[in-house]
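# Structure assessment
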Amino acid sequence: MPFRALGLDARIYQAIQDAGYTEPTPIQAAAIPPILAGNDLIGIAQTGTGKTAAFTLPILDLLSKLVGQGPLRGIKCLILAPTRELVVQIKENVEAYAKHLPLRVTTIFGGVSERPQIQALRNGVDLVIATPGRLMDLMQQRHVNLNALEFLVLDEADRMLDMGFLPNIKRIVKALPVKRQTLMFSATLSKDIEALTHEFQRNPKVVQIGKRSNPADTVTQLVYEVPKHLKPSLLLHLLVDPSFNMVLVFSKMKHSADRVARYLEKYGVKTATLHSNRSQNQRLKALTDFKSGAVRVLVATDIAARGIDVDGISHVVNFDFPAQPEDYVHRIGRTGRAQAIGDALSFITSEDQGSLRALERFIGRGIVRKRADGFDYSASPPPPGPDDERERRPRQGQGGGRNQSRSNSAPRGFSGGGGGQNRRSSGPSRGR
Ligand code: AMP
C-alpha cells in the first residue's frame, strides 16, 4: 500500500518523502486509518516496527486540520513516554514529520533544569512529549494547562507501568478533558495494560503486529554458554570480527556496565555506557557517539536503553542474560529494525539455564547454542585489569570508526592464534 493511499495532509506526505519512506510499515498501515477516523486505539508492537510514526502521522494530520481553523490555543496533544531518551527520540520523529507544519513542539523530562521547560510552556506550545514524573511536578506548580487537550498518547505503556509511573499517569489523566482521543502503545498486552485501557479509553480498536511477544523475525538469535569469569574475554574475542561494527551490549547492573566498558577500552575498543548514574548530558553524548560511529560499542542497562532508536545496530549482546523474557524481547528489538538483519547473542552461565528455558517457552522456540571458534573456554580468570588503575594501559591505537578492532594485547582468557581472518569465523554468520 503506498503512503498516498492513507490520505494524509500533503505537507505530512512531503515530510514522509523527505524521510525516504516508501510505504507504511504493517503497524502504520493498520493503525493510521482508525486513528484518522477518530478512534481510540491500542497498538501492540515493539520498538522498531515504526510505531512512533504510526501514532504521530495521523495526530499531525488531525492537528493540521485544527491549525487551518485558526491559531491553536493551549496544548492539543500530550505524548507520555517512560524515559528521557525515548522522549527526545519521539521529538526528533515529530519534528521530522511536522517540519512543513506550523506546530510548536516541546519536551519535558527530569534530570535537567526546569526553567527552559517552563519558559517553553509560557511561550505557547501545541504538542508536548513528556516523562510522567517531571510533567506531574510542573503541573503541580501550575505551569501546565491541559484543558484544551484533544490527543493523549501513552507510549511503551507496559514499561511505564513497570517503572512505577501508574500513580502519576492516573493523576495526569484526571486533569485532562474527558472528550479526547487516547492512543496506547505497548510491546505486550498484559492484564495491567487491559485494566489501563478500560480506565482511560473508549471502545479502543486493537492493532497487533506480529505474534505477541515474538522477537522480530529478521534477528538471528544465538546462545553462547560460557563460564561467568570468561564473559568479558568472550565479548572481546567476538569483537575481533569486523562485522560487529555497531554493538549494543546489555548488562544487568550499572557498575558492571562500567566494568565491561573499561575492560573493552583497555583493549582498544572504543566504548560508551548508558545507565541512570550518568548525567543527562553524558547519556546524550554516549548515544550521539554511538550513532556517529565514534564509539563501536555501547554498554547499557535495560532501563537506560529502553526505546532508543539507533539505525544500523549490527549486534545486540546480552552480556548478562535478562531475568524477564519481556526484557529479552525488548533488548533484541534494538537490532533487526526496519528490515535490517541483525544478530542477538546471549551469554549464558550455569545460573542462567532456568531463565533461558523460560525464555524459550515464552517465545515458543529454541535458540541455537554456539561455541566461539578459537576461544579458550578452559582459561583461568582474566588478569586483574579493568578495575585496577595500575594495570591500565595507555590508550594508544584506538582509532575511532566502525571497523576498528582490538589493538592492545589480549587478556589471558583470549586465545589468539592466527589473526582476525582466522577468528572471524567465530562470530555468528549472518542471515541464518
Ligand atoms: P520506531 O518503531 O517508531 O522506533 O521506528 C523504527 C525505525 O523505523 C525508525 O528509525 C523510523 O525512522 C523507521 N521508520 C518508520 N516508519 C518507516 C517507514 N514507513 N519506512 C521506513 N522506515 C520507517
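Structural notes, computed from the coordinates. For every chain, the first residue of its written sequence is number 1, and the numbers climb from 1 along that sequence. With the structure being a predicted model, the display of local features is reserved for residues of pLDDT at least 70 and the display and counting of side-chain atom pairs for 80 or more, all residues being used for whole-chain, interface and lining totals. Side-chain figures throughout are based on the complete set of non-hydrogen atoms in the structure, without hydrogens or water.

### What about the nonpolar core?
The biggest cluster of nonpolar side chains holds 43 residues, and the ones touching the most others in it are Leu57, Leu60, Ile79 and Leu127. Only helix H1 (10-19), helix H2 (26-36), helix H3 (51-67), strand E2 (77-80), helix H4 (84-97), strand E4 (127-130), strand E5 (151-154) and strand E6 (181-186) provide two or more residues apiece to this core. The greatest single-element share of this core, amounting to 9 residues, is contributed by H3. Contact definition: two residues touch when any of their heavy atoms are within 4.5 Å. Non-local contacts of Leu127, meaning those with residues more than four positions away in its chain, are made with Leu60, Leu63, Cys77, Ile79, Val94, Arg104, Val105 and Thr106. Side-chain atoms within 4.5 Å are what join buried Ala, Val, Leu, Ile, Met, Phe, Trp, Tyr and Cys residues into a set we call a nonpolar core. Summary of the burial criterion: residues with accessible area below 20% of their type's maximum are buried, those above 50% are exposed, and those between are partly exposed, where the area comes from a 1.4 Å probe applied to protein chains only. Ile44, Ile118, Ile169 and Ile172 belong to the second largest nonpolar core, which has 33 residues in total. Each helix is a run of DSSP H or I of at least 4 residues and each strand a run of E of at least 2, with the numbering of both proceeding from the N terminus.

### Overview of the packing of aromatic side chains
Aromatic rings considered in pairs are described by the distance between their centres and by the relative angle of their planes. Here is the rule: rings of Phe, Tyr and Trp (six-membered ring for Trp) pair when centre to centre is within 6.5 Å. Planes less than 30 degrees apart are stacked, more than 60 are edge-to-face, and the remainder are tilted. A full pass over the atoms with the stated rule returns 7 aromatic pairs. Clustering of aromatic rings is evident, with ring pairs tying together Tyr224, Phe319 and Phe347. Of note, Arg371 hangs over the ring of Tyr377, and the distance from its end group to the ring centre comes to 3.9 Å. Consider the ring centre and the ring normal. A charge sits over the ring if Lys NZ or Arg CZ is within 6 Å of that centre and within 35 degrees of that normal.

### Some points on the site of the ligand
Around the ligand, the structure places 16 residues, and the nearest of them are Tyr21, Gln28, Gly48, Gly50 and Thr52. If the ligand stood free it would expose 490 Å²; the protein chains cover 86% of that surface. Under the scheme applied, nonpolar residues are Ala, Val, Leu, Ile, Met, Phe, Trp, Tyr, Cys and Pro; charged residues are Asp, Glu, Lys and Arg; polar residues are all the others, including Gly. For the shell around the ligand, the residue count by class is 4 nonpolar, 7 polar and 5 charged. For the shell around the ligand, the two domains that each supply at least three residues are domain 1 (3-209) and domain 2 (219-404). For this description, a residue counts as near a given molecule or strand if any of its non-hydrogen atoms is within 4 Å of it. Note on areas: these come from Shrake-Rupley sampling with a 1.4 Å probe, and a residue is covered only by the protein chains present in the view. Start and end positions for the domains come from either an automated domain assignment or a database one.

### So, the pattern of salt bridges
When a carboxyl oxygen of Asp or Glu is within 4 Å of a side-chain nitrogen of Lys or Arg, the pair counts as a salt bridge. This model, assessed by the stated rule, comprises 17 salt bridges. Across the pair Lys51 and Glu156 runs a salt bridge whose closest N-O atoms are separated by 3.4 Å. Highlighted residues: Lys51 in helix H3 and Glu156 in the loop between E5 and helix H7 (157-162), separated in sequence by 105 residues. With a relative accessible area of 4%, Lys51 lands in the buried category. Asp320 is the partner of Lys231 in a salt bridge, and the nearest nitrogen-oxygen pair spans 2.9 Å. With a gap of 89 residues between them, Lys231 in helix H10 (residues 231-238) and Asp320 in the loop between strand E12 (315-318) and helix H14 (325-332) connect regions that are remote in the sequence.

### A word on the sheet that holds strand E7 (residues 205-208)
Pairing between two strands is assigned when DSSP locates at least 2 bridges connecting them. One open sheet holds the 7 strands; their spatial order is E3-E4-E2-E5-E6-E1-E7, and the pairing between them is parallel. Two strands bound the open sheet, and with one partner strand each, they are strand E3 (105-108) and E7. Put simply, the sheet's adjacent strands are angled 15° from each other on average, direction ignored. Bridge count between E5 and E6: 4 bridges; the pairing is parallel. Residue pairing in the sheet places Phe151 in a bridge with Gln181 of E6. Here, axes are lines fitted to C-alpha atoms. For helices the fit covers the stretch in contact, and angles between N-to-C directions go from 0 to 180 degrees. Each of strand E1 (41-44), E5 and E6 touches helix H9 (residues 191-200); the most contacted strand, E6, lies at about 175° to it.

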